[in-house]
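Letter by letter, the chains look like this.
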Amino acid sequence: MSLKIDKLVGGYSRTPVLKGVSFDVADGELVGLIGLNGTGKSTTLNHVIGLLQPFSGTVTIDGISINDDVKKYKSKIAYIPEVPILYKELTLKEHIETTIMAYGLDYDAAWNKAMKLLKKFRLDKKLNWFPINFSKGMRQKVMIVCAFITDAKLFVIDEPFLGLDPVAVNDLLDLINQQKSRGSSIIMSTHVLDTAERFCDRFVLIHDGQVKTEGTLEQLRSQFGNKEMSLNDMYLKLAREEGQNE
Ligand SMILES: Nc1ncnc2c1ncn2[C@@H]1O[C@H](COP(=O)(O)OP(=O)(O)OP(=O)(O)O)[C@@H](O)[C@H]1O
């Protein structure tokens, strides 16, 4: 089991955002984390990457928690944030070199991978540019390149599609599929439900800091008693029910 989240209570201040979240992501699996704005998707991902410490409960990757071995834990993760995080004083080339150093990657092999990815995303002529001045989509592509040159076990991807052109979305999905086939796992939060429906192996629907339901598309359809229902319709139904309960 790649990622295991068990009864996670957590958040930013003493009042928890997450109120006992549990779910797993298996080796080679892409799990979509779905939910309304402000329900705790990014907070869950922030706990997975070790930015936040659980108030209680555990997060483990391949059986180890961040407290067992912080370096080993973090080296298993590649993270693509919702808003690209770039260093204003570093060029694109220096961002890639920083990633190579941080993950202790083989220099030539990593640059070989990087150049292929940079070509794919049409950034190969911009190595000496400062990505902080790139467009939103280009900055997102820099994050994608840096993440996918690592041999991470777990890819943590927060709302990746916004700002990417359709070609780049397709390229990103190809990269995700390649990582799945080498046994890496992906947890991805997204509001782009038609794409999630086509590409995710399983879904975790989170509401108000709790897992509302989870399963494959088929399992969710059978829970909803409708074999044709789209993920979008399930989501809207749950959101409306929650709205009536509040
Ligand atoms: N840095 C922070 N400090 C304090 N509270 C925060 C912080 N970031 C998020 N929150 C709160 O945590 C709750 C969950 O936010 P979170 O960002 O996890 O939602 P989300 O499901 O990712 O939403 P979205 O779909 O809008 O990205 C919200 O009530 C939000 O106000």
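Keep in mind the model is a prediction, meaning the values are calculated, not measured.

## Regarding the domain arrangement of the protein
- Structurally, the protein comprises domain 1 (1-76 + 154-246) and domain 2 (83-151).
- Taken over C-alpha atoms, the centre of domain 1 sits 25 Å from the centre of domain 2.
- Of all the elements, helix α6 (residues 166-181) adds the most residues to the side of domain 1 that touches domain 2, at 4 residues.

## Focus: helix α5 (residues 136-148)
- When the terminal C-alpha atoms of α5 are compared, their 19 Å separation across 13 residues agrees well with the 18 Å that a helix rising 1.5 Å per residue should span.
- Taken across its 13 residues, α5 has 10 buried, putting it largely inside the fold.
- For α5, every residue scored as buried is listed here: M138, Q140, K141, V142, M143, I144, V145, C146, A147 and F148.
- Contacts made by the buried residues of α5 are with β5 (77-80), α3 (92-103), α4 (107-120), β6 (154-158) and α6.

## Some remarks on the UniProt feature "domain: ABC transporter" (unreviewed entry) in the protein
- Mapped onto this numbering, the UniProt entry annotates "domain: ABC transporter" (unreviewed entry) at residues 3-233.
- What you have in residues 3-233 is 38% helix and 23% strand, and the ends, taken at the C-alpha atoms, are 28 Å apart.

## A few points about the site of the ligand
- Around the ligand, the surrounding shell consists of Y12, V17, G35, N37, G38, T39, G40, K41, S42 and T43.
- By residue class, the composition of the shell around the ligand is 2 nonpolar, 7 polar and 1 charged.

## Things to note about the packing of α3 against α5
- Between α3 and α5, the least distance of the axes is 9 Å, while the angle of their chain directions is 30°. For the element pair α3 / α5, the angle class is roughly parallel. For the pair α3 and α5, the crossing hand works out as right-handed. On α5, the residues that touch L92, H95, I96 and T99 of α3 are V142, V145 and C146.
- When its residues are assigned to classes, the contact of α3 with α5 shows 5 nonpolar, 2 polar and no charged.

## Comments concerning the pairing of β5
- Here β5 shows two buried faces, one formed by I77 and Y79 and the other by A78 and I80.
- Of the pairings in the sheet, the one linking β5 to β6 comprises 4 bridges and is parallel in character. The residue of β6 that forms the bridge with I80 is I157.

## Section: the sheet that holds strand β4 (residues 56-61)
- Ordered by their spatial adjacency, 3 strands build an open sheet running β2-β1-β4, and the pairing between neighbours is antiparallel. Of all the strands in the sheet, the pair left with one neighbour each is β2 (18-25) and β4. Averaged over neighbouring strand pairs, the angle between their axes works out to 15° when direction is ignored.
- Examined bridge by bridge, strand β1 (residues 3-10) and β2 share 6 bridges and lie antiparallel to one another. Residue pairing for β2: G10 is matched across the bridge by L18.
- Along the sheet, helix α1 (residues 41-48) contacts β1, β2 and β4; its crossing angle with β1, the most-contacted strand, is approximately 115°.

## With respect to α6
- In a regular helix each residue adds 1.5 Å, so 16 residues correspond to 22 Å; α6 covers 23 Å between its end C-alpha atoms and thus fits that length.
- For α6, the complete set of buried residues consists of A168, L172, I176 and Q179. Seen along its axis, α6 keeps its buried residues to an arc of 80°; they face one direction. Exposed and oriented more than 90 degrees from the buried face of α6 are P166, V167, N170, D174, N177, Q178 and S181.
- Here the buried face of α6 lies against β3 (30-34), α5, β6 and β7 (185-189).
- Count one or two residues on from α6 and you reach G183, which has phi positive near 95°.

## Side note on the sheet that holds β5
- The sheet built from 6 strands is open, its strands ordered β5-β6-β7-β3-β8-β9 with mixed pairing. Edge positions in the sheet fall to β5 and β9 (210-215), since each has one partner strand and no second. Shown here is a sheet whose adjacent strand axes are inclined to one another by a mean of 15°, direction ignored.
- In terms of strand pairing, β3 meets strand β8 (residues 202-207) through 4 bridges, oriented parallel. The residue bridging I34 from the neighbouring strand is L205, located in β8.
- Along the sheet, α1 contacts β3, β6, β7 and β8; its crossing angle with β7, the most-contacted strand, is approximately 145°.
- Across the sheet, helix α8 (residues 217-224) is in contact with β8 and β9; its angle to β9 comes to roughly 110°.

Rules behind the numbers
Residues numbered from 1 in each chain as written. Predicted model: local features only at pLDDT ≥ 70, side-chain atom pairs only at ≥ 80, totals over all residues. Domains from an automatic or database assignment. Helix = DSSP H or I, 4+ residues; strand = E, 2+ residues; numbered from the N terminus. Expected span 1.5 Å × (residues − 1). Buried ≥ 20, exposed ≤ 12 C-beta atoms within 10 Å, placed from the backbone. Contact = placed C-beta atoms within 7 Å. UniProt positions renumbered as here; feature names shortened; annotations may be inferred. Near = placed C-beta within 6 Å. Nonpolar A, V, L, I, M, F, W, Y, C, P; charged D, E, K, R; others polar. Axes fitted to C-alpha atoms, helices over the stretch in contact; angles between N-to-C directions. Parallel < 35°, antiparallel > 145°, perpendicular 65-115°, else oblique. Left-handed = near helix turned anticlockwise from the far one by under 90°. Pairing = 2+ DSSP bridges. Arc of directions from axis to C-beta.

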